[in-house]
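Fold and contact review
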Amino acid sequence: MSTPEPAEQLRYFRKRQTEIVETIRQLVELESPSDVKQSVDRVGTVLASRFGELGGRIRFHANEKFGKHLQIDFRARGNKSKAVLLLGHMDTVYPIGTISKMPCRVSKGRVWGPGVLDMKAGIALAFHVIEAVLEWNDGKMPRPITLVLVSDEEVGSASSRAITEKLAREAAAVLVLEPAYGLHGAVKTARKGVGEYALQITGVAAHSGLDFEKGHSAIIELAHQILEISKLVDSKRGLTLNVGRINGGMRTNVVPATASASIDVRVVSAKDVAEIHRRLTSLKPFNSHCSISVNGRINRPPLEHTEAVAGLYFKARDLAQQLGWDLEEAAVGGGSDGNFTAALGIPTLDGLGAVGEGAHAEHESVVISELPRRAALLAGLIERV
Ligand SMILES: [Zn+2]
């Protein structure tokens, strides 16, 4: 046997649609919030066993705080080409117990549940695609594949970043199993870089009745700084800063000595990373009796629309055309682990996972009828990149 034509692949995955949904259900029902190590580890164990049965070599990367990151290698005997790296994450944003409020269910042509789109369905697709490629090639991988499923993506990937980057450097290309963009299923060829900054103001406390003039309000200083920060927004350049949380003061009869703010920063271009960092860390107090400290950084560089990224998209679009569909591309504001690999210059295509709606929300769902062509696209790319 050998790899069938794209249209034949599509028929193959259509026949397995129900099986794919069952794998999705198995993964969604195992809740896996980033901050509950043992729960994410349970997903890792189940996946290790399923991919192990396909012949993958399993490796767990231990870490103290989060679940073990899972690396699965499929070797291709006699094939010396670089591996294709499939990138995914096992963690979700939903706390334990969410599944009882939004149970995994199939209705209206979709499968619903916490983390189903972001990105349990992406992992399920990778499983059935690898299974198929093996079946089409008499149990032998036509090229090496490495799959890495991390456990801390939803909280910034601090503990897995080095692993992802090391594997990406060894790879021919990176295919990211994050959800597609929109119900047309566009792939993501640009993502903003993301950072978080904390602003801390220290003023001088005083009794608001007895000593009002001796006080220097940290809250008033913070108010000025927030307006300064909002002036740094440059929508044309895709540079945004959002003061998303503020804190300050003790009680109404005390001039507040402390106030703080947390800021979400997004950049389109790598060139802007250093500049926005410099601007934020050099904010000067309006009131000389107040002091300011700013901590933070852009922790995900932008995934820029480079030639390497565009080249991979064109391959995907050609393949999609053979499957009878116009594959669109999209630029999005959210980051993923694909940001890390693209910033290294490794061709990266993101949004190859499932099609659906409502990531991180109550109506999170995956369109079942789209699963076969996502699978066929991923299978085709694995062999062609
Ligand atoms: Zn995700």
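First, a word on what this report is: a plain description of the structure on this page. The structure presented is a predicted model; accordingly, all values stated were derived computationally and were not measured.

1. Overview of the overall build of the protein
- On a plain count of helices and strands, the protein comes out with 11 helices and 18 strands.
- Taken over the C-alpha atoms alone, the protein extends approximately 90 × 45 × 40 Å along its principal axes.
- Out of the 385 residues in the protein, the part that is buried amounts to 54%.
- Taking the contacts inside the protein whose residues are at least 6 apart along the sequence as the reference set, 80% of them involve residues at least 24 apart.
- Element-wise, carbon and sulfur atoms account for 51% of the exposed surface of the protein, whose accessible area totals about 17300 Å².
- Across the protein, 47 positive and 44 negative side-chain charges occur, with their mean positions spaced 2 Å apart.

2. Digging into the packing of aromatic side chains
- Inspection of the entire model under this criterion finds 5 aromatic pairs.
- Plain terms: the ring middles of Tyr12 and Phe13 are 5.2 Å apart, the flat faces sit at 85 degrees to each other, and that makes the pair edge-to-face.
- Given a relative accessible area of 0%, Phe13 falls into the buried group.
- Ring geometry for Phe51 and Phe127: centres 5.3 Å apart, planes at 80 degrees, overall edge-to-face. Pair noted here: Phe51 is in helix α3 (residues 37-53) and Phe127 is in helix α5 (residues 116-136), with a separation of 76 residues, a long-range link. With respect to class, Phe51 is no different from Phe127; both count as buried.
- By way of ring pairs, the aromatic residues Tyr12, Phe13 and Trp136 are connected into one cluster.
- Taking NZ or CZ as reference, Arg50 lies 4.3 Å from the ring centre of Phe127, over its face.

3. Topic: the coordination of the zinc ion
- At this site the zinc ion is bound by His89 (NE2), Asp118 (OD), Glu178 (OE) and Glu178 (OE), with donor distances of 1.9 to 2.6 Å.
- Each of the 4 donor atoms around the zinc ion contributes to a set of angles spanning 53 to 142 degrees, which defines the coordination as irregular.
- Site description for the zinc ion: donor spacing in sequence, H-x28-D-x59-E. Here His89, found in strand β3 (residues 83-89), pairs with Glu178, found in the loop between β7 (171-176) and β8 (187-191); they are 89 residues apart in sequence, far enough to count as distant. Residues His89 and Glu178 agree in their burial class; the two are buried.

4. Side note on the sheet that holds strand β17 (residues 356-357)
- In space, the 4 strands of this open sheet follow the order β4-β5-β18-β17, with antiparallel pairing throughout. Looking along the sheet, the strands with just one partner apiece sit at the ends: β4 (105-107) and β17.
- Relative to strand β18 (residues 365-367), β17 is paired through 2 bridges, and the arrangement is antiparallel. Considered in β18, the bridge of Glu357 is made with Ser365.

5. A short note on the sheet that holds strand β2 (residues 69-74)
- Pairing is mixed in the open sheet, where 6 strands are placed in the order β1-β2-β6-β3-β7-β16. Each end of this open sheet is capped by a strand with a single partner; those strands are β1 (57-61) and β16 (348-349).
- Sitting on the sheet, α3 is in contact with β1, β2 and β6 (145-150), with an inclination near 160 degrees to β1.

6. A closer look at the packing of helix α9 (residues 307-322) against helix α11 (residues 371-384)
- One can describe the packing of α9 onto α11 by two numbers: an axis separation of 10 Å at closest approach and a directional angle of 130 degrees. In terms of orientation, α9 and α11 fall into the oblique class. The two elements α9 and α11 meet at a crossing, and its hand is right-handed. Two secondary-structure elements touch here, α9 through Lys315, Ala316, Leu319, Ala320 and Gln322 and α11 through Leu377, Gly380, Leu381 and Arg384.
- Considered class by class, the residues forming the contact of α9 with α11 number 5 nonpolar, 2 polar and 2 charged.

7. A word on the pattern of salt bridges
- Taken as a whole and judged by the stated rule, the model has 19 salt bridges.
- Arg161 is paired through a salt bridge with Glu165; the nearest N and O atoms lie 2.9 Å apart. Placement of both Arg161 and Glu165 in helix α6 (residues 161-169) is noted, with a separation of 4 residues, approximately one turn of the helix.
- The residue Arg237 makes a salt bridge to Asp234 at a minimum N-O spacing of 3.1 Å.
- A residue is classified by how much of its surface remains accessible, and Asp234, at 22% relative accessible area, is partly exposed.
- One salt-bridge network, held together by shared partners, links Asp234, Arg237, Asp272, Glu275 and Arg279.

Basis of the calculations
Residues numbered from 1 in each chain as written. Predicted model: local features only at pLDDT ≥ 70, side-chain atom pairs only at ≥ 80, totals over all residues. Heavy atoms only, no water. Helix = DSSP H or I, 4+ residues; strand = E, 2+ residues; numbered from the N terminus. Buried < 20%, exposed > 50% of the residue type's maximum accessible area, 1.4 Å probe, protein only. Contact = heavy atoms within 4.5 Å. Areas by Shrake-Rupley, 256 points an atom, 1.4 Å probe, with all protein chains shown as cover. Lys, Arg positive; Asp, Glu negative; His and termini not counted. Charge placed at Lys NZ, Arg CZ, Asp CG, Glu CD. Phe/Tyr/Trp six-rings, centres within 6.5 Å; stacked < 30°, edge-to-face > 60°. Lys NZ or Arg CZ within 6 Å of the ring centre and 35° of its normal. Donors = N, O, S within 2.8 Å, 3.2 Å for Na, K, Ca; no water. Tetrahedral: all angles 85-135°; square planar, octahedral: opposite > 155°, others 65-115°. Pairing = 2+ DSSP bridges. Axes fitted to C-alpha atoms, helices over the stretch in contact; angles between N-to-C directions. Parallel < 35°, antiparallel > 145°, perpendicular 65-115°, else oblique. Left-handed = near helix turned anticlockwise from the far one by under 90°. Nonpolar A, V, L, I, M, F, W, Y, C, P; charged D, E, K, R; others polar. Salt bridge = Lys/Arg side-chain N within 4 Å of Asp/Glu carboxyl O.

All we've got here are geometric facts, nothing functional implied.
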